[in-house]
Amino acid sequence: MTLTPAWLRADRTSLRLDFAQVPRAYRDTAKLLFYALLTEDTPPGEEPITISSVRTYFTCVRHFLLWAQGSGRALAQLTGDDLDGYHGELTSQRLSVSGVYRHRRAVRMLWAYRSRMTDHLGQDPLRRPLWQAWARAHPRRYDENLTDRIPAHVMGPLLSWALRWVDDLADDVLAARAERDDIDARPPAHPDPVMALQSVLDGFRQRGQPLPTASAHVAPGRHGDEAVPNFSYLARLAGHPRCRFDKVRPRRLIEEAASDLGVDTDSPLRYRVQAQIDGQPWLEHISYYDVGQFERLLQVSCWIVIAYLSGMRDSEIKHLQRGCVSTQRDAGGRIYRHRLNGLAFKGESVHGTAATWIVTAPVARAVAVLEHLQPADEPYLFAHPRKSANHHRRQHVAERVRTSATTIKDNGTPRTSGCGRPRPRRVAWSPRARQRPHTWTHRSADPLGLRGSHCILRQHVHGISGPDHDPRGLALMTASVSTMSLIGDLVFPKPVPWTRVEPRPSVTPRT
C-alpha cells in the first residue's frame, strides 16, 4: 500500500505500508488500525497523526505483532505480564527514550482504537505499574535545542566554502555542464562511425592533445596505472555514443593516435577554468565525469547559503521555485532589499501558505545560480540534476553526498602555503543524524558562537554578523559537512595536520 497520493508536498519521499510483513494472524487487525489512522477516524482522546508518523508507527506496530506472534494467542488474550515482558524487552534494547515512547504509544493504539478493530488488547498498557514507573523515571522533554549546536569551527568554514562555490566557482561548473550536455547531444560527425572517429582523432592531432584516458569505473579491466584510451568518451565526441570502438579497425586507429600523441591522465573538457584561488586556477581542468559531482556540490552549497542566511526551514527551501526573488530599489536605483517568496508549512495546512523572507545579497546570488543550474522547464530550484539517477525526485540533493567523511578544512591556521595564503586546518568533528535545525544556531546572545567565526562571516556577508533567528529543517547537515570536506579536498588534496584553535578569553570592558 503506497502513501504517495497522501503527500501534498513536493519534498516528500514515497512511503509504503507493506502488510505482507505483518504476521498473518494479525494482518486484518493492522489493516483496520491503519485505515482508521489514515482516515483520521480517531476515538475520543486521540489526536490525528501525520502521514510520516503513520509510516513510523507502522514499523512499531509490526515490531509488537511479530513479538506477539511468539505467544500464539490473539491480542485480546495477552495478559498484563505479557505487556510487561514486551516493555522489558524494549528497555533492554539500545533505543533512545523517544524511541521507547514511540513503541509504547504504538502498543497503546491497539487498545485506544479497540472500537475500530475486531481483535485488540484487553487492557490499557499505560495503566500497568511497570509502564508508569518507567515513564516517571524517564520524563519526556519537549524543550527545543536538546542537541548540541554545530561547532563554530565547523560552521564557519562550511559557510565560507559554500559562499566561495556560489560566488567564485559557479561559472566554471555551469560552463562545464554546458559543454558536457553539448557533447551528449552532439550529432554524428559522419554517418560512418569509423569515419567520424577518424575526424575526432584528426582534431586531437591538430591540437597536439593527448587522447583522453578511461577512469577506473569506465574501464573495469584497467590494471594499476595503465593508461587506456577512453573508447566511450571518444564515441561521444564522434556523435556515436552507442558505438563500440573496441573492434579491430577503430581500435587500430585509436592505438595509432595514442602512440603518436600519448594518453592523458583524465578525460578533460576543453573549457578552461577561469576561477582562481590565490592567483592560481582552482583546478587544472574539469573532467567530463566530474561535472555531475560538481553540480551536486554547487547545489548543496546554494542550499547551505540559503538555509543559514535566511532562516528558512528545509521544507520551505525545497519548495523554492524559479523567480522567487524580488528586489526593491531606492530613488538612485540601488538595491536595498531582497525578498524571497515561498511557502511556509510550520503550523499551516498541508498545502502551506505564501510567505516572504527578507534576505541578503548572498542568498539572492545563490538563487540566481540555482536558476541557471536547473533547466528552463524545471520550476523547482532543488530538483535533482537531469543527468542524476534521481532527477525525477525532488528530495534534497545532499542525500547522495557521501556521509563517511568527518573532516572539513578551515582557512585560518598559522601555516601558510607558498602563495602566502594560510594553509587549511583539518578539523575533526563527529556529526550525528539527530542534529536538527536548531543545532545550526541558538536563540541566544551568541548564535552558533558567531563571536568565534565572525571574521569569516564578515569577509563574505558585508555588514551582516549572522541571522537574527535560527534556521530550521537542516537535518542533512551531516551530508553537507561531508560535501564541504570534498570541496576542500578538491582544492587542497594533500592532508595536513590539524589543531584546534582555542577561543580567545573574553575581555571585560572597563567602566
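Residues numbered from 1 in each chain as written. Predicted model: local features only at pLDDT ≥ 70, side-chain atom pairs only at ≥ 80, totals over all residues. Heavy atoms only, no water.

J.: I'm lost on the packing of helix H2 (residues 51-69) against helix H3 (residues 80-92) in this one. Help?
T.: How two helices pack is summed up by the angle between their axes together with the distance between the axes. Two elements in contact, H2 and H3, have axes separated by 11 Å at closest approach and are oriented at 120 degrees. One way to sum up the angle between H2 and H3 is to call them oblique. The two elements H2 and H3 meet at a crossing, and its hand is right-handed. Touching Cys60, His63, Phe64 and Trp67 of H2 are Asp82, Leu83, Gly85, Tyr86, Glu89 and Leu90, all from H3. For the contact of H2 with H3, the class distribution of residues is six nonpolar, two polar and two charged. (Axes fitted to C-alpha atoms, helices over the stretch in contact; angles between N-to-C directions. Helix = DSSP H or I, 4+ residues; strand = E, 2+ residues; numbered from the N terminus. Parallel < 35°, antiparallel > 145°, perpendicular 65-115°, else oblique. Left-handed = near helix turned anticlockwise from the far one by under 90°. Contact = heavy atoms within 4.5 Å. Nonpolar A, V, L, I, M, F, W, Y, C, P; charged D, E, K, R; others polar.)

J.: I tried to follow the sheet that holds strand S3 (residues 325-329) on my own but got confused; where do I start?
T.: In space, the three strands of this open sheet follow the order S3-S4-S5, with antiparallel pairing throughout. Each of the sheet's edge strands pairs with one partner strand only, and the pair in question is S3 and strand S5 (353-359). Direction aside, neighbouring strands of the sheet carry axes that sit 30 degrees apart on average. In this sheet, S5 lies alongside strand S4 (residues 335-344) in antiparallel orientation, the contact comprising seven bridges. Its bridge partner being in S5, Leu343 is matched across the sheet by Ala354. (Pairing = 2+ DSSP bridges.)

J.: What is the right way to look at the packing of helix H6 (residues 152-184) against helix H12 (residues 361-373) in this model?
T.: The N-to-C vectors of H6 and H12 enclose an angle of 15 degrees; their axes lie 10 Å apart at closest approach. Judged on the interaxial angle alone, H12 and H6 are roughly parallel. Crossing hand, H6 versus H12: left-handed. Where H6 approaches H12, its residues Leu163, Val166, Asp167, Ala170, Leu174 and Arg177 are matched on the opposing element by Pro362, Arg365, Ala366, Val369, His372 and Leu373.

J.: What's the story with the pattern of salt bridges in this structure? I'm lost.
T.: Where side chains of opposite charge bring their charged atoms close, a pairing between them can arise. The final tally for this structure, using the stated rule, is 20 salt bridges. Glu295 is the salt-bridge partner of Arg177, the closest N and O atoms lying 3.0 Å from each other. Of this pair, Arg177 sits in helix H6 while Glu295 sits in helix H10 (residues 291-310), and the two are 118 residues apart along the sequence. One exposure class covers both Arg177 and Glu295, and it is buried. A salt bridge links Asp182 to Arg186; the shortest N-O distance between them is 3.6 Å. Among the ionic contacts, a cluster of salt bridges with common partners joins Arg177, Arg180, Asp181 and Glu295. (Salt bridge = Lys/Arg side-chain N within 4 Å of Asp/Glu carboxyl O. Buried < 20%, exposed > 50% of the residue type's maximum accessible area, 1.4 Å probe, protein only.)

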